Amino acid sequence: NVNDNIVITGQPVNVTQCEGTNAVFTVVHTGTGPVTYQWRKGGVALTDGGKISGSSTATLTVSNIATAEEGSYDVIVAGLCSTVTSGAATLGVDDNVAITVQPINVTQCEGTTAMFSVTATGTGLSYQWRKDGANLSNTPAISGVYTNTLTINNIQTANEGTYDVVVSGTCVPATSAGAVLAVDDKPVITLQPASVVQCEGTAAIYSVTATGTGLSYQWRKGGVNLSDLGDISGATTATLTINNIETADEGSYDVIVTGTCGTVTSSVVQLTVDDNVVITVQPVDVTQCEGTLASFTVSATGTGPLTYRWRKNGVNLSDGGNITGSLTTNLRISNISTADEATYTVVVTGKCVGETSAGALLNVDDKVVITVQPVAVTQCEGTIATFSVTATGTNLLYQWRKGAVNLVDGGDISGATTATLTINNIETADEGMYYVVITGKCS
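Conventions adopted
Counting restarts for each chain: residues are numbered from 1 in the order of the written sequence. Reporting in this predicted model follows two pLDDT cut-offs: at least 70 for local features of residues, and 80 or more for side-chain atom pairs to be given and counted; totals over whole chains, interfaces and linings ignore these cut-offs and use all residues. Excluding hydrogens and water, the side-chain values take into account all heavy atoms of the structure. What counts as a helix is a DSSP run of H or I of at least four residues, what counts as a strand is a run of E of at least two, and both are numbered from the N terminus. Computation of the radius of gyration draws on C-alpha atoms, with the globule rule given as 2.2 Å multiplied by the number of residues to the power 0.38. For every residue, the accessible area (1.4 Å probe, protein chains only) is compared with the maximum for its type, and the residue is labelled buried under 20%, exposed over 50%, or partly exposed between those bounds. The pairing criterion is simple: DSSP has to find at least two bridges between the two strands. Points on a 1 Å grid, built from protein atoms alone, make a cavity when a 1.4 Å probe fits but cannot get out and make a pocket when they are open with protein on both sides within 12 Å along at least 5 of 7 lines; residues with an atom within 4 Å of a point are the lining residues. Grid points are joined across faces, edges and corners, and a volume is the space filled by probe spheres set on the points. Three classes are used: nonpolar for Ala, Val, Leu, Ile, Met, Phe, Trp, Tyr, Cys and Pro, charged for Asp, Glu, Lys and Arg, and polar for all others, with Gly counted as polar. Pairing of aromatic rings covers Phe, Tyr and the six-membered ring of Trp, with a centre-to-centre limit of 6.5 Å; geometry is then stacked below 30 degrees between planes, edge-to-face above 60, and tilted otherwise. Here, two residues are considered to be in contact whenever any of their heavy atoms come within 4.5 Å of each other. What counts as a salt bridge is simple: a side-chain nitrogen of Lys or Arg found within 4 Å of a carboxyl oxygen of Asp or Glu. Only a pair of cysteine sulfur atoms within 2.5 Å qualifies as a disulfide here. A patch consists of residues exposed above 30% relative accessible area that lack any salt bridge, with like charges linked at up to 9 Å and nonpolar side chains (Val, Leu, Ile, Met, Phe, Trp, Tyr) linked at up to 5 Å. Values of accessible area rely on a 1.4 Å probe in the Shrake-Rupley scheme; residue burial ignores everything except the protein chains shown. Neither His nor the chain ends contribute to the count of charged residues, in which Lys and Arg are positive and Asp and Glu negative. To form a nonpolar core, buried Ala, Val, Leu, Ile, Met, Phe, Trp, Tyr and Cys residues must be joined to one another through side-chain atoms within 4.5 Å.

> Would you mind going over the overall build of the protein chain with me for this structure?
The helix and strand inventory of the protein chain stands at 0 helices and 52 strands. Here the C-alpha radius of gyration of the protein chain, 62 Å, is well above what a compact globule of 443 residues would show, namely 22 Å. Its C-alpha atoms give the protein chain principal-axis dimensions of roughly 220 × 40 × 30 Å. Residues counted as buried form 37% of the 443 residues belonging to the protein chain.

Take a look at the structure:
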């Protein structure tokens, strides 16, 4: 019998596999045994243990391979007659995908360019970016969908969402963490402030409505920043309030709206202050004789048209009879009499708050009227003769006369300038025609 030498008829072959799998090398031979095997890596004998099994059999298994297991493997086959070393077989380990740098959240202003990037290791990498779990495709605004960097140009609110990337390779793929794109809006004024025309003493309010991210407000008058002070409030809010407005507050107002992504200035609007009525010249008291024309006058300022309503003792007057000008600045009362005596006022009304004047008195001085005439007297000499008169009127003065000659007190005469003339111890020489001249303020 002839014992055969060992002849390798099937060499171990190269293996390239993904990490974590099991790599198997096998040798096929002929020859007379008993046969022994010794697998080696890089010329160093292997022993079973850890990831290695079958190191002394025709089949070597390397479990859960990793980069550390890469190398050249061969086997020494020994038989009864000879020992043969196989050819070397290479173990190549393809790496699984591993994301080493995750994409991060992006918050940017609309119209800018947002970018998401990922860093990964692994064999044969490819990329697929997604938004909210749906695959993206390259468009004029979106590029890099199949690379490690996604670029979104001219971002808008519609681009907001969660972005991730699926990284695929020869072996196990990996999906990145989600990164949020938040788009900050530019400030846009959607409702402009409006001009205000109001009465002094009221509150003027300006409001603006705007959209955008991180808004702040600064109201201005004539281009100068306002601050909350005195009658001003809300100078740095969407609503400006000016309390107790007056002429000094008139002017041009606008508001600067500032956001994270820019600044916009509102339209310029006006504040016009209508003046309340102010009586600058009050009507004054009038004292005149009956039958004359009495006049009361008022002067007033305010935003008009101004209207006037004269009143007598609080009761509205109307033109008619001896009254004219009851709706003007000048009230006229003709042919005045005692019945016209009263307190006169005027209500002046304008666009804003009206005003009532001070009261002015009308005093009517009466003409002289003799209501009881003196009567003739016939008496004995040596007695007392008395003449009396009764009269009405203002500020009466009396002057008794005998014939055309004024009398004066003295001798037998008394009361020559009073309502009663007395002649004592009368005699023939006192006989005559007596009368009295009564003088008053008005006649």
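> I tried to follow the sheet that holds strand β29 (residues 232-233) on my own but got confused; where do I start?
The sheet built from 3 strands is open, its strands ordered β25-β30-β29 with antiparallel pairing. The open sheet is flanked by β25 (204-207) and β29, the only strands paired with a single partner. Where β25 meets strand β30 (residues 239-242), 4 bridges bridge the pair, whose relative direction is antiparallel. Within β30, the position partnered with Ser207 by the bridge is Thr239.

> How should I be thinking about the layout of surface pockets in this particular structure?
Which parts of space are left empty comes out when a probe the size of a water molecule is rolled across the atoms. Roughly 380 Å³ of internal volume is contained in the largest pocket. If you trace the largest pocket, you find 19 residues lining it, with Val377, Phe387, Asp430, Glu431 and Gly432 closest to the centre. A per-class count over the lining of the largest pocket returns 11 nonpolar, 4 polar and 4 charged.

> I'm lost on the packing of aromatic side chains in this one. Help?
This model, assessed by the stated rule, comprises 9 aromatic pairs. Arranged with centres 6.5 Å apart and planes meeting at 35°, the rings of Phe25 and Trp39 form a pair that is tilted. Residue Phe25 is found in strand β3 (residues 23-26), and its partner Trp39 is found in strand β5 (residues 36-41); the two are separated by 14 residues along the sequence. Classification of Phe25 as buried rests on a relative accessible area of 1%. On the basis of relative accessible area, Trp39 is assigned to the buried category, the value being 0%. Aromatic ring contacts, followed pair by pair, group Phe25, Trp39 and Tyr73 into a single cluster.

> What is the right way to read the side chain of Thr241 from this model?
Mapped onto the elements, Thr241 comes out in strand β30. Those residues within four positions of Thr241 in sequence are excluded, and the remaining contacts are Ala203, Ala204, Ile205, Asp231, Ile232 and Ser233.

> Even after reading the chapter, I still don't get the pattern of salt bridges, so can you show me in this structure?
Between side chains of opposite charge, a pair can form when the charged atoms approach closely. Following the criterion strictly, the structure yields 6 salt bridges and no others. One salt bridge connects Asp254 with Arg220, and the closest N-O pair in it is separated by 2.8 Å. With Asp254 in strand β31 (residues 251-259) and Arg220 in strand β27 (residues 216-221), this pair connects stretches of sequence that are 34 residues apart. A relative accessible area of 7% means that Asp254 is categorised as buried.

> Hey, could you run me through the state of the cysteines in this one?
Simply put, the disulfide is a covalent bond whose two ends are the sulfur atoms of two cysteines. Taken as a whole and assessed by the stated rule, the structure comprises 4 disulfides. Shown here is the disulfide that connects Cys18 with Cys171, its sulfur atoms set 1.9 Å apart. Looking along the S-S bond of the Cys18-Cys171 disulfide, the torsion reads about -95°, which is the left-handed sense. Linking Cys18 in strand β2 (residues 15-18) with Cys171 in the loop between β20 (161-168) and β21 (174-175), this pair joins segments that are 153 residues apart in sequence. Here Cys171 falls in the buried class, since its relative accessible area comes to 10%. Shown here is the disulfide that connects Cys289 with Cys442, its sulfur atoms set 2.0 Å apart. Between Cys289 and Cys442 the disulfide shows an S-S torsion of about -90°. By sign, it is left-handed. Taken together, the positions of Cys289 in strand β35 (residues 286-289) and Cys442 in the segment after β52 (434-439) put the pair 153 residues apart, joining distant regions of the chain. By relative accessible area, which is 17% here, Cys442 ends up buried. Taken N- to C-terminal, the disulfide-bonded cysteines of the protein chain are connected 1-3, 2-5, 4-7, 6-8.

> Could you clarify how one ought to interpret a nonpolar patch on the surface in this entry?
A cluster of nonpolar side chains, Met433, Tyr435 and Val437, forms an exposed patch at the surface whose accessible area comes to about 280 Å². Judged by its relative accessible area of 30%, Val437 is partly exposed.

> Teacher, can you tell me more about the sheet that holds β3 here?
By way of backbone hydrogen bonds, the strands of a sheet pair with one another, either parallel or antiparallel. In spatial order, the strands read β3-β8-β7; together these 3 strands make up an open sheet with antiparallel pairing. Because the sheet does not close on itself, it has two edges, and the strands there are β3 and β7 (52-53).

> Honestly, the pairing of strand β38 (residues 307-312) in this entry has me stumped. Any pointers?
Where β38 lies against strand β42 (residues 342-349), 6 bridges are found, and the strand directions are antiparallel. The partner of Lys312 across the bridge, within β42, is Tyr344. Bridging between β38 and strand β39 (residues 315-316) involves 2 bridges; their strand directions are antiparallel. Of the residues in β39, the one forming a bridge with Arg311 is Asn316.

> What exactly am I supposed to notice about the environment of Ile155 here?
Relative to the assigned elements, Ile155 resides in the loop between β19 (149-152) and β20. Overall, the relative accessible area of 0% leaves Ile155 in the buried class. Residues in contact with Ile155, not counting those within four places in the same chain, are Gln108, Cys109, Glu110, Gly111, Thr112, Ala114, Leu181 and Val183.

> Can you walk me through the side chain of Asp184 in this structure?
Tracing the sequence through the fold places Asp184 in strand β22 (residues 179-184). Buried within the structure, Asp184 lacks any salt-bridge partner; its nearest side chain of opposite charge belongs to Lys186, at an N-O separation of 13 Å. Among all residues touching Asp184, those that are not within four sequence positions of it are Thr107, Gln108, Cys109, Glu110, Thr213, Thr260 and Cys261.

> Sorry if this is basic, but what is going on with the nonpolar core here?
One recurring pattern in soluble globular proteins is that nonpolar side chains are buried together. Counting residues in each nonpolar core, the largest one holds 22 residues, and the members touching the most others are Phe116, Trp129, Leu150, Ile152, Tyr163, Val167 and Leu181. Counting 21 residues, the second-largest nonpolar core is a separate cluster that includes Ile279, Ile323, Val346 and Val364.

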